[in-house]
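This is what each chain is made of:
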Amino acid sequence: MPRLLGVLESQRQLGGASYPPTLERLAELTGDTAAVTSKALSSKEAKARVLLSRAAGGKKKPAPGPVLVLLKGDLQAVAQSDRLLELQLQSARQPDVPAVDLAQLPKGLLPALGRAFKAALEQRLAERRLPRTIGALTGKKPLFFFLADAVLPPAGAPARPAATTAPTDGGPRPAAPGGARTAPADAADAAPTDAPSNGAPAASLAGAPAASLAGAPAASLAGAPAASLAGAPAASLAGAPAASLAGSPDGAPAPSTPAAPFADRFDAAFTALDRDSGGNNYVTLRALRAALPDVPRATFDAELAALRRQRRYSLDPSDGRHHQMAEAEREAGIQEAGNLLVYVARRHDA
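Calculation criteria
- Residues numbered from 1 in each chain as written.
- Predicted model: local features only at pLDDT ≥ 70, side-chain atom pairs only at ≥ 80, totals over all residues.
- Heavy atoms only, no water.
- Helix = DSSP H or I, 4+ residues; strand = E, 2+ residues; numbered from the N terminus.
- Buried < 20%, exposed > 50% of the residue type's maximum accessible area, 1.4 Å probe, protein only.
- Contact = heavy atoms within 4.5 Å.
- pLDDT = per-residue confidence, 0-100.
- Phe/Tyr/Trp six-rings, centres within 6.5 Å; stacked < 30°, edge-to-face > 60°.
- Salt bridge = Lys/Arg side-chain N within 4 Å of Asp/Glu carboxyl O.
- Expected span 1.5 Å × (residues − 1).
- Arc of directions from axis to C-beta.

Considerations on unusual backbone geometry
Omega for the bond connecting Tyr19 with Pro20 falls within 30 degrees of zero, at -5°, which places this linkage in the cis form. With respect to the helices and strands, Pro20 occurs in the loop between helix 1 (2-14) and helix 2 (23-30). Backbone geometry at Asn281 places phi at a positive 65°, although glycine is not the residue there. Positionally, Asn281 belongs in the loop between helix 13 (262-276) and strand 8 (283-284). At Arg311, a residue that is not glycine, the phi angle is positive and equals roughly 60°. Relative to the helices and strands, Arg311 resides in the loop between helix 15 (297-309) and strand 9 (313-317).

Shown next, in the form of structure tokens:
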């Protein structure tokens, strides 16, 4: 029992997604099985200082959701935490009914924790304060849902945002059926009206041989300086790819579309991997590195360090699972202060 309490205290100091740990996670940290840890928590000494968020269940009747282990004095703080809300919503939602009534969310919790949790939810709604991953519909029976579930994908296709073009007026233009971009409404949308930066008049296009433009796609001419086309041999333009003509006035190639920021890609990968693994808010570094294969390890580690400084994520050591881990999982970890950090958890205490 002293060892178990010591682990709980250390996780409490880490905060965020580390506390309160699930029963399974606590067993990993102490090096025992869930059954042994559950038995220890049922002792008179443990009940005087520790609470389980719900009945642990047994082999014949397992608990309907994650069982959190917390110190008694932390009941109110846990009831108001993002972690408990996310775990309860994950347990209560169904694939065909992803939105959950406020009255359903506390079900299964210890009565005292359930009452405090419901009161905290009502206060959250009044203050319009929810985690970034969760939305709510207010009303007589408020509904809570994961924002990821609010996207309606086409039949038989994964959800993704609709593609839009970027017209010169700055307003979004929907894509044409089949993914093709819509044509501009008039010539003013297709090419700039100002004189080129090199001072050549727009009329200098008129002198270019007809054959030099006939084979080039419209998009390949839109951004090109007039001087770079006037007088160019037909063979140099006919059939030339768009990228070779739509360059900058000094002849440099057109810039490629920038990749999404690392933080956005990391958030999306973590959310997907955590959802697939049961929503326990623990994802291995190995899985996250595999989800972002184009990011060099040094860049990945530096960007992740920045997210940790922003208190968006925390890293946990392997501890009780170290001897069971595959070599690839150990290699993907980060050595820090003598510990091998292999688990990533999202923090909600910033």
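Section: the environment of Asp149
Within the secondary structure layout, Asp149 lies in the loop between strand 5 (143-146) and strand 6 (164-165). The exposure class assigned to Asp149 is partly exposed, which follows from its relative accessible area of 24%. When the C-alpha positions of Asp149 and Gly135 are compared, they lie 9.8 Å apart, and in sequence the two are 14 residues distant. Beyond its immediate stretch of four places on either side in the chain, Asp149 contacts Arg93, Pro98 and Arg275.

Some words on the environment of Pro2
With respect to the helices, strands and loops of the structure, Pro2 is situated in helix 1. Assessed through its relative accessible area of 66%, Pro2 is described here as exposed. Separated by 44 residues in the primary sequence, Pro2 and Ala46 have C-alpha atoms spaced 9.6 Å apart.

With respect to the confidence of the model for the chain
When pLDDT is averaged across the chain, the result is 72; 63% of the residues are at 70 or more. Mean pLDDT across the secondary structure elements of the chain bottoms out at strand 6, with 35, and peaks at helix 14 (residues 285-291), with 94. Low pLDDT, under 50, characterises residues 158-249; the stretch is placed with 79 contacts to residues that sit more than four places away or in other chains.

Digging into the environment of Leu110
Here Leu110 lies in the loop between strand 3 (100-101) and helix 7 (111-127). Distance in space between the C-alpha atoms of Leu110 and Arg54 is 5.1 Å, their sequence separation being 56 residues. Apart from residues no more than four positions distant in its own chain, Leu110 is found in contact with Leu51, Leu52, Ser53 and Arg54.

Here we look at the packing of aromatic side chains
Counted according to the given criterion, the structure contains 6 aromatic pairs. Here Phe262 and Phe300 contribute two aromatic rings whose centre-to-centre distance is 5.5 Å and whose plane-to-plane angle is 90°, an arrangement assigned as edge-to-face. Residue Phe262 is located in helix 13, and its partner Phe300 is located in helix 15; the two are separated by 38 residues in the primary sequence. Each of the two residues, Phe262 as well as Phe300, counts as buried. For the pair Phe270 and Tyr313, a centre-to-centre distance of 5.3 Å together with 65° between the ring planes defines the contact as edge-to-face. Pair noted here: Phe270 is in helix 13 and Tyr313 is in strand 9, with a separation of 43 residues, a long-range link.

A few points about the pattern of salt bridges
In the structure shown here, the tally under the stated rule is 12 salt bridges. Residues Arg312 and Asp267 are paired through a salt bridge, measuring 2.5 Å at the closest nitrogen-oxygen approach. Here Arg312 is found in the loop between helix 15 and strand 9, whereas its partner Asp267 is found in helix 13, with 45 residues between them in sequence. One continuous salt-bridge network, built from bridges that share partners, spans Arg25, Glu28 and Asp316.

Regarding helix 15
The end-to-end C-alpha distance of helix 15 is 18 Å, a good match for the 18 Å that 13 residues give at a rise of 1.5 Å each. Every buried residue of helix 15 is accounted for by Phe300, Leu304, Ala306 and Leu307. Mapping the buried residues of helix 15 onto a view down its axis gives an arc of 155°, with all of them on the same face. Every exposed residue of helix 15 that faces more than 90 degrees away from the buried side is listed here: Ala298 and Arg309. Downstream of helix 15 by a residue or two, Arg311 has a phi angle that is positive, lying close to 60°.

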